[in-house]
Amino acid sequence: MIDSSELRTKRMPLSHGAGQIPALGFGTLIPDAAATISATRDALAAGFRHFDCAERYRNEQAVGEALQAGLAAAGIAREDIFVTTKLWNTNHRPERVKPAFEASLGRLGLNDLDLYLIHTPFAFQPGDDQDPRDQSGDILYDRGVTLFDTWGAMENLVNTGRCRAIGLSDISLKELVPIYDSARIKPAVVQVEAHPYLPETELLEFCKAKDIAFLAFAPLGHGIKPGPLEDPVISAIAARVGKTPAQVLLAWAVQRGTALLTTPRTAARARENLNITALPEDALDEINRIQTRQRFNEVVNTGSPGFIPQGR
Ligand SMILES: NC(=O)c1ccc[n+]([C@@H]2O[C@H](COP(=O)([O-])OP(=O)(O)OC[C@H]3O[C@@H](n4cnc5c(N)ncnc54)[C@H](OP(=O)(O)O)[C@@H]3O)[C@@H](O)[C@H]2O)c1
């Protein structure tokens, strides 16, 4: 049973002494630069200390600006925040990994990263076009590189000392196991969609057994309605414990042993999403018994994301 005060500030140790990841993370998939800056600034001010970015979101520079300004204004040290970004599908070729990593660092205005993830297991045709397609509109995949090749280049980044931990995103258990088995540096984090409609229990159990932090995105089902936010079981528990449905979903995620990402766009929502308290065991059991199954993000099928910000 987790104490309520521990829930908000919970940190999960990463394998190989790569530090600790705050369980409550702020995601930066926001479709314009000005909104990215204000939401990131508000999240930092509200108390978020874990920031999830990606070169594909095309707003690393805006996130970096907001973080530099926010850290300076509040007297928070760089070491007190945890920053992740992700290698996009067009940079899977080993010789492209380090330049992509350094370009992300440059945009974020950072000297090092806490976590670098392979965004999806799909390699796209290398180049500047993040969404390469043929004349029929079909994605151009790169068959000349394997996930093992890319993982080897990720391992080399850890050796440079500028990247404390590496991991994978949008990956299935079937794809993760061979990488885990062959890796010189084991994945520290796996980031996938997870919520009561997609609990990913088998993957979570594997991660727990292997000391991999499981990081859930879409813990609110991407806010899509109908979805977990409007589920009658969640609403009834929220009314019973005096919390909002979002707070119930986030508490469940942390109490089952995952870290999570959420994207509040306002200061009030940032405070709401941090202000979670532990649910009683019977509420956790009720949520675990929800039978609805739904995936909201199809990125795992093709490597092509849902919506993408059009910013800088
Ligand atoms: N690895 C991947 O492929 C991948 C894919 C998707 C996302 N991600 C990461 O995960 C992060 C989280 O994204 P997400 O979509 O899962 O975020 P989320 O916070 O679970 O869902 C965002 C939606 O929830 C709504 N929302 C947020 N807080 C709420 C609250 N307290 N009450 C009611 N609605 C609320 C937002 O509404 P408003 O817009 O109205 O505020 C928005 O529509 C992203 O920013 C990104 O970093 C990764």
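So, here is what we can say about the structure in this document. (Residues numbered from 1 in each chain as written. Predicted model: local features only at pLDDT ≥ 70, side-chain atom pairs only at ≥ 80, totals over all residues. Heavy atoms only, no water.)

So, the layout of surface pockets
Part 1 of the argument: Taken as a whole, the largest pocket spans an internal volume of roughly 870 Å³.
Part 2 of the argument: Lining the largest pocket are 36 residues, with Ala218, His222, Gly223, Thr262 and Thr263 positioned closest to its centre.
Part 3 of the argument: Taken together, the elements giving at least two residues each to the lining of the largest pocket come down to β10 (259-262) and α10 (267-274).
Part 4 of the argument: Partitioned by chemical class, the residues of the lining of the largest pocket number 15 nonpolar, 13 polar and 8 charged. (1 Å grid on protein atoms, 1.4 Å probe; cavity = no way out; pocket = protein on both sides within 12 Å on 5 of 7 lines; lining within 4 Å. Points joined across faces, edges and corners; volume = space filled by probe spheres on them. Helix = DSSP H or I, 4+ residues; strand = E, 2+ residues; numbered from the N terminus. Nonpolar A, V, L, I, M, F, W, Y, C, P; charged D, E, K, R; others polar.)

Section: the pattern of salt bridges
Part 1 of the argument: Applying the stated rule across the entire model yields 12 salt bridges.
Part 2 of the argument: In this structure, Asp112 and Arg78 form a salt bridge, with 3.2 Å as the shortest nitrogen-oxygen distance. Of this pair, Asp112 sits in the loop between α4 (94-108) and β6 (113-118) while Arg78 sits in the loop between α3 (60-74) and β5 (82-87); the two residues are 34 residues apart in sequence, bridging distant segments of the chain.
Part 3 of the argument: Given the relative accessible area of 30%, Asp112 is considered partly exposed.
Part 4 of the argument: Residues participating in the shared-partner salt-bridge network are Arg78, Asp112, Asp114 and Arg164. (Salt bridge = Lys/Arg side-chain N within 4 Å of Asp/Glu carboxyl O. Buried < 20%, exposed > 50% of the residue type's maximum accessible area, 1.4 Å probe, protein only.)

Thoughts on the packing of helix α2 (residues 33-46) against α3
Part 1 of the argument: Two elements in contact, α2 and α3, have axes whose closest approach is 8 Å; the angle formed by their N-to-C orientations is 35°. Our pair here, α2 against α3, has a crossing hand that is right-handed. Here Ala33, Thr36, Ile37, Thr40, Arg41 and Leu44 of α2 lie close against α3, whose contacting residues are Ala62, Val63, Glu65, Ala66, Leu67, Gly70 and Leu71.
Part 2 of the argument: In terms of residue class, the contact of α2 with α3 is made up of 8 nonpolar, 3 polar and 2 charged. (Axes fitted to C-alpha atoms, helices over the stretch in contact; angles between N-to-C directions. Left-handed = near helix turned anticlockwise from the far one by under 90°. Contact = heavy atoms within 4.5 Å.)

Some points on the packing of α3 against α4
Part 1 of the argument: In contact at an axis separation of 7 Å, α3 and α4 are set at 45° when each is read in the N-to-C sense. Relative to α4, the element α3 is oriented oblique. Note on element contacts: α4 touches α3 through Ser104, Arg107 and Leu108, opposite Glu60, Gln61, Val63, Gly64 and Gln68.
Part 2 of the argument: Class assignment for the residues of the contact of α3 with α4 results in 2 nonpolar, 4 polar and 2 charged. (Parallel < 35°, antiparallel > 145°, perpendicular 65-115°, else oblique.)

Topic: the sheet that holds β10
Part 1 of the argument: A barrel is described by the order of its strands in space; here 8 strands give the closed sequence β3-β4-β5-β6-β7-β8-β9-β10, paired in parallel fashion. The sheet shows a mean angle of 30° between the axes of neighbouring strands, direction not considered.
Part 2 of the argument: One ladder, built from 5 bridges, connects β6 with strand β7 (residues 163-169); its direction is parallel. Following the sheet pairing, Ile118 is matched in β7 by Leu168. (Pairing = 2+ DSSP bridges.)

As for the environment of Ile290
Part 1 of the argument: Structurally, Ile290 is set in the loop between α11 (281-288) and α12 (299-302).
Part 2 of the argument: Note on Ile290: relative accessible area 5%, which makes it buried.
Part 3 of the argument: Taking C-alpha positions, Ile290 is 9.2 Å from Asp231, a pair spaced 59 residues apart along the chain.
Part 4 of the argument: For Ile290, the contacting residues outside a window of four places in its chain are Pro196, Tyr197, Asp231, Val233 and Ile234.

Some details on the site of the ligand
Part 1 of the argument: What surrounds the ligand is a group of 26 residues, the closest being Asp52, Asp170, Ala218, His222 and Thr262.
Part 2 of the argument: Contact between the ligand and Gly27: an oxygen atom at 3.4 Å from a main-chain N or O atom of the residue.
Part 3 of the argument: A distance of 2.7 Å is found between a nitrogen atom of the ligand and a side-chain nitrogen or oxygen belonging to Asn273.
Part 4 of the argument: Its free accessible area being 900 Å², the ligand has 85% of it covered by the protein chains.
Part 5 of the argument: Structurally, the ligand is housed in the largest pocket.
Part 6 of the argument: With 3 residues, the top contributor of residues to the shell around the ligand is α10. (Near = heavy atom within 4 Å. Polar contact = N/O pair within 3.5 Å; in protein donor to acceptor, adjacent residues only side chain to side chain. Areas by Shrake-Rupley, 256 points an atom, 1.4 Å probe, with all protein chains shown as cover. Sits in = over half its atoms within 2 Å of the grid points.)

What about the side chain of Gln247?
Part 1 of the argument: Along the chain, the position of Gln247 falls in helix α9 (residues 245-255).
Part 2 of the argument: In this structure the side chain of Gln247 is engaged in a polar contact, spanning 2.9 Å, whose partner is the backbone nitrogen of Thr244.
Part 3 of the argument: At 3.0 Å, the side chain of Gln247 and the backbone oxygen of Glu272 are in polar contact.
Part 4 of the argument: Dropping the residues within four chain positions of it, Gln247 is found in contact with Glu272, Asn275 and Ile276.

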